[in-house]
Amino acid sequence: MRHALTDYLLFLAEGVTVVALLGALVVGVARLAAPRKPQSRLRVKNIGDHYDHLRDKLAEAVLPKRALRERRRVQKSQRKLAARGKIPARPRVFVLDFHGDLRASRVSGLREEITAVLSLATPADEVVLRLTNPGGTVNDQGLAASQLQRVRHRDIPLTVCVDTVAASGGYMMACVADRIVAAPFAIIGSIGVVSQIPNFHRLLDRLGVEVEQFTGGEFKRTVTMFGRNTDEDRAKVTEQVNEIHDLFKTFVVEQRPGIELERVATGEYWYGSDALELNLVDELRTSDDYLLAARERADLFEVTCPVPLSRVRRLTESGQAALARLR
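Residues numbered from 1 in each chain as written. Predicted model: local features only at pLDDT ≥ 70, side-chain atom pairs only at ≥ 80, totals over all residues. Heavy atoms only, no water.

1. Concerning the confidence of the model for the protein chain
Then comes step 1: With 79% of its residues at a pLDDT of at least 70, the protein chain reaches an overall mean of 83.
Then comes step 2: Throughout residues 323-327 the model reports pLDDT below 50, and contacts reaching past four residues in sequence, or to other chains, amount to 0 contacts. (pLDDT = per-residue confidence, 0-100. Contact = heavy atoms within 4.5 Å.)

2. Comments concerning helix α4 (residues 107-118)
Then comes step 1: Its 12 residues place the ends of α4 16 Å apart at the C-alpha level, agreeing with the 16 Å of an ideal helix rising 1.5 Å per residue.
Then comes step 2: Buried residues along α4 sit in contact with β2 (92-99), β3 (126-133), α5 (138-153), α6 (169-174) and β9 (299-304). (Helix = DSSP H or I, 4+ residues; strand = E, 2+ residues; numbered from the N terminus. Expected span 1.5 Å × (residues − 1).)

3. A short note on the environment of Gly135
Then comes step 1: Note that Gly135 resides in the loop between β3 and α5.
Then comes step 2: Under the relative-accessibility criterion, Gly135 is labelled buried at 5%.
Then comes step 3: Along the chain, Gly135 and Ala104 lie 31 residues apart, while their C-alpha atoms are 8.2 Å from each other.
Then comes step 4: Excluding its chain neighbours within four sequence positions, the residues that come into contact with Gly135 are Asp101, Leu102, Gln141, Ala167, Ser168, Gly169 and Gly170. (Buried < 20%, exposed > 50% of the residue type's maximum accessible area, 1.4 Å probe, protein only.)

4. Digging into the side chain of Ser168
Then comes step 1: If you trace the backbone, Ser168 turns up in the loop between β4 (158-167) and α6.
Then comes step 2: The exposure class of Ser168 is buried, given its relative accessible area of 16%.

5. Some thoughts on the nonpolar core
Then comes step 1: Residues Leu129, Tyr171, Met173, Ile188 and Leu280 are the most contacted members of the largest nonpolar core, which totals 48 residues.
Then comes step 2: Counting residues per element, this core draws most heavily on α4, which supplies 5 residues.
Then comes step 3: Not counting chain neighbours up to four residues away, the residues in contact with Leu280 comprise Tyr171, Ile180, Ile188, Ile191, Arg256, Ile259, Val264, Trp270 and Ala275.
Then comes step 4: Membership of the second largest hydrophobic core comes to 12 residues, among which are Tyr51, Cys161, Leu291 and Ala298. (Core = buried A, V, L, I, M, F, W, Y, C linked by side-chain atoms within 4.5 Å.)

6. A word on the pattern of salt bridges
Then comes step 1: Counted under the stated rule, the structure contains 15 salt bridges.
Then comes step 2: Between Arg92 and Asp125 there is a salt bridge; the shortest N-O distance is 2.8 Å. Taken as a pair, Arg92 in strand β2 and Asp125 in the loop between α4 and β3 lie far apart in primary sequence, 33 residues in all.
Then comes step 3: Arg130 is paired through a salt bridge with Asp97; the nearest N and O atoms lie 2.8 Å apart. Pair noted here: Arg130 is in strand β3 and Asp97 is in strand β2, with a separation of 33 residues, a long-range link.
Then comes step 4: Bridged by salt links that share partners, the residues Arg179, Glu283, Arg285 and Asp289 form one connected network. (Salt bridge = Lys/Arg side-chain N within 4 Å of Asp/Glu carboxyl O.)

7. Considering α5
Given 3.6 residues per helical turn, the α-helix brings residues three or four places apart onto the same face.
Then comes step 1: For α5, built from 16 residues, the straight-helix expectation of 22 Å at 1.5 Å per residue is met to within 8% by its first-to-last C-alpha distance of 22 Å.
Then comes step 2: As for α5, its buried residues are in contact with β2, α4, β3, β4, α6 and α8 (231-255).
Then comes step 3: Directly after α5, the chain includes Asp155, whose backbone phi takes a positive value near 60°.

8. What about the packing of α5 against α8?
Then comes step 1: Relative to each other, α5 and α8 sit at 15°, their axes nearing to 13 Å. Relative to α8, the element α5 lies roughly parallel. In terms of crossing hand, the pair formed by α5 and α8 is left-handed. The residues of α8 that touch α5, namely those facing Val138, Ala145, Gln149 and Arg152, are Ile244, Phe251 and Gln255.
Then comes step 2: Partitioning the contact of α5 with α8 into residue classes produces 4 nonpolar, 2 polar and 1 charged. (Axes fitted to C-alpha atoms, helices over the stretch in contact; angles between N-to-C directions. Parallel < 35°, antiparallel > 145°, perpendicular 65-115°, else oblique. Left-handed = near helix turned anticlockwise from the far one by under 90°. Nonpolar A, V, L, I, M, F, W, Y, C, P; charged D, E, K, R; others polar.)

9. A short note on unusual backbone geometry
Then comes step 1: Despite not being glycine, Ser190 shows a phi value in the positive range, around 55°.
Then comes step 2: With respect to the helices and strands, the residue Ser190 is situated in the loop between β6 (187-189) and α7 (201-206).
Then comes step 3: For Asn279, which is not glycine, the phi torsion reads 65° and is therefore positive.
Then comes step 4: Given a relative accessible area of 27%, Asn279 falls into the partly exposed group.

10. What about the pairing of β9?
Then comes step 1: Relative to β9, strand β1 (residues 43-46) runs antiparallel, the two sharing 4 bridges. Looking at the pairing, Val44 lines up with Val303 of β9. (Pairing = 2+ DSSP bridges.)

11. Looking at the packing of α4 against α5
Then comes step 1: It is at 10 Å that the axes of α4 and α5 come closest, and there the two elements cross at 5°. Between α4 and α5, the interaxial angle falls into the category roughly parallel. Contacts from Val107, Leu110, Arg111, Ile114, Thr115 and Leu118 of α4 reach α5 at Leu143, Ala144, Gln147, Leu148, Arg150 and Val151.

12. With respect to the packing of aromatic side chains
For any pair of aromatic rings, geometry is given as the distance between the ring centres together with the angle between the planes.
Then comes step 1: One pass over the full model with this rule turns up 3 aromatic pairs.
Then comes step 2: Relative to Phe226, the ring of Phe200 has its centre 6.0 Å away and its plane inclined at 25°; by these criteria the two rings are stacked. With Phe200 in the loop between β6 and α7 and Phe226 in the loop between α7 and α8, this residue pair connects regions lying 26 residues apart in the sequence.
Then comes step 3: Look at Phe200 and you get partly exposed, because its relative accessible area is 33%.
Then comes step 4: Each ring, one from Tyr269 and one from Tyr271, has its centre 6.2 Å from the other, and the planes form 85°; the classification is edge-to-face. (Phe/Tyr/Trp six-rings, centres within 6.5 Å; stacked < 30°, edge-to-face > 60°.)

Written out as structure tokens, the structure reads:
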């Protein structure tokens, strides 16, 4: 009798296990077959609340009790009116950040942010870009500038705030804006093009190493790192650099027609106050002060879409930051 009971319990346990496994398998297949909701890394934060919190904390510390009670009463009344829809909706300011590097690696995040904003924003709203960009490769920086043009093409006001640097490709981005706001010591300009390449021909020649190169097309490859460069090669590269510079200058003057191009397109950079005199920027102000003033008339939303970086790129950016600190 005991053996029969034991056998029955073992059989029951096996049966329950099989059923559980089959159930788990069915659930797993169903999950795989079910359509997945699109995932996005987009994050939206109401930073207007942050400014309000700072103001409230200071008010609690410095205002007399009677004034503080009156302030709270007014705030409560305004919240009730807003909840009932008796206060007109405030315009919105969408705040984006762009920290540039040589390859403008965060442009993919900028694309997502602007696409999201354009799906909701109207000409009554505003986009503010806090820009830090020392420049980089032409096509990458140009793509970043083109993303900002999407905002302008929709007639949504675009303001670029530069606290530290918008040079070369960074200024290519900044000049797209309706308004450029720069801190007094921000670096602005550098409307120029540079191309450089090391040449190891002499070293390889001493080592008895010969480099052969085969091309189809007269200018498929001109200046190289390992072969002997001729005056004709150098002339062709100089011609190409000048062509890119002309494109850069044309782009800048199209975005800011009032600029004195020949004076500012020399490759030089200027600090904020001089940049204001040259019409490279429109106002001297930090981004914090600009947004604090904007809070009085609008709701502020910070829109970010983090871009996952490879290990190599993280090391590259760390190296660039270390070099920048040594300058």
